[in-house]
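Single-letter residue listing:
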Amino acid sequence: MKQQQQWTSLLGLANRARKVISGEELVVKEVRLKRAKLVLLSQDASANTMKKVTDKCKFYQVPFMIVENRYQLGQAIGKEARVVVAINDAGFAAKLKTLLD
């Protein structure tokens, strides 16, 4: 549980620093422009969204991680349910990766 709180509060901090992009289309655009350093995808995303985002990430060599659910992801950035978010800062991305591993 402690680990979960750590990554969600770090994601919230990254969001307040304006380093988080949310929403499928915007995230795919960030990945394409090679600005995304890490993509977080919720486990309960639709198969279509899951495939689209993971394929883009693999093609552009952007690391992605699967998190528990869309509500957790949305709550972390102070919004409603979010299926996918991208982190645009290398520091935040690296720290989130270690917390989510």
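Residues numbered from 1 in each chain as written. Predicted model: local features only at pLDDT ≥ 70, side-chain atom pairs only at ≥ 80, totals over all residues. Heavy atoms only, no water.

(A) Region of interest: the pairing of strand β3 (residues 64-67). Here β3 shows a clear split, with Met65 and Val67 buried on one side and none of Phe64 and Ile66 buried on the other. In the classification by handedness, the crossover that spans strand β2 (residues 38-42), the intervening helix α3 (residues 47-59) and the parallel β3 is right-handed. (Buried < 20%, exposed > 50% of the residue type's maximum accessible area, 1.4 Å probe, protein only. Helix = DSSP H or I, 4+ residues; strand = E, 2+ residues; numbered from the N terminus. Right-handed = clockwise from strand over helix to strand, strands pointing away.)

(B) Up close: the packing of helix α2 (residues 24-32) against α3. Packing of α2 against α3 brings their axes to within 9 Å, and their N-to-C directions diverge by 15 degrees. Comparing the axis directions of α2 and α3 gives the class roughly parallel. When the axes of α2 and α3 are compared, the crossing they make is left-handed. Taken together, the residues of α3 that come into contact with α2 (itself represented by Glu24, Glu25, Val28, Val31 and Arg32) are Thr49, Lys52, Val53, Lys56 and Cys57. Residue classes in the contact of α2 with α3 are distributed as 4 nonpolar, 1 polar and 5 charged. (Axes fitted to C-alpha atoms, helices over the stretch in contact; angles between N-to-C directions. Parallel < 35°, antiparallel > 145°, perpendicular 65-115°, else oblique. Left-handed = near helix turned anticlockwise from the far one by under 90°. Contact = heavy atoms within 4.5 Å. Nonpolar A, V, L, I, M, F, W, Y, C, P; charged D, E, K, R; others polar.)

(C) Molecular detail of the packing of aromatic side chains. For the structure shown, the criterion picks out 1 aromatic pair. An angle of 80 degrees between the planes, with centres 4.9 Å apart, marks the rings of Phe59 and Tyr60 as edge-to-face. A relative accessible area of 64% means that Phe59 is categorised as exposed. (Phe/Tyr/Trp six-rings, centres within 6.5 Å; stacked < 30°, edge-to-face > 60°.)

(D) The arrangement of the pattern of salt bridges in detail. Counted by the stated rule, this structure contains 5 salt bridges. Among the ionic pairs, Arg35 bridges to Glu30, the shortest N-O distance being 2.9 Å. Residue Arg35 is classed as partly exposed on the basis of its relative accessible area, which comes to 41%. Residue class for Glu30 comes out buried when judged on its relative accessible area of 7%. Notably, a salt bridge pairs Arg70 with Asp44, separated by 3.4 Å at the nearest N-O pair. Of this pair, Arg70 sits in helix α4 (residues 70-76) while Asp44 sits in the loop between β2 and α3, placing them 26 residues apart in sequence. Here the residues in one salt-bridge network are Glu24, Glu25 and Lys52, joined through shared partners. (Salt bridge = Lys/Arg side-chain N within 4 Å of Asp/Glu carboxyl O.)

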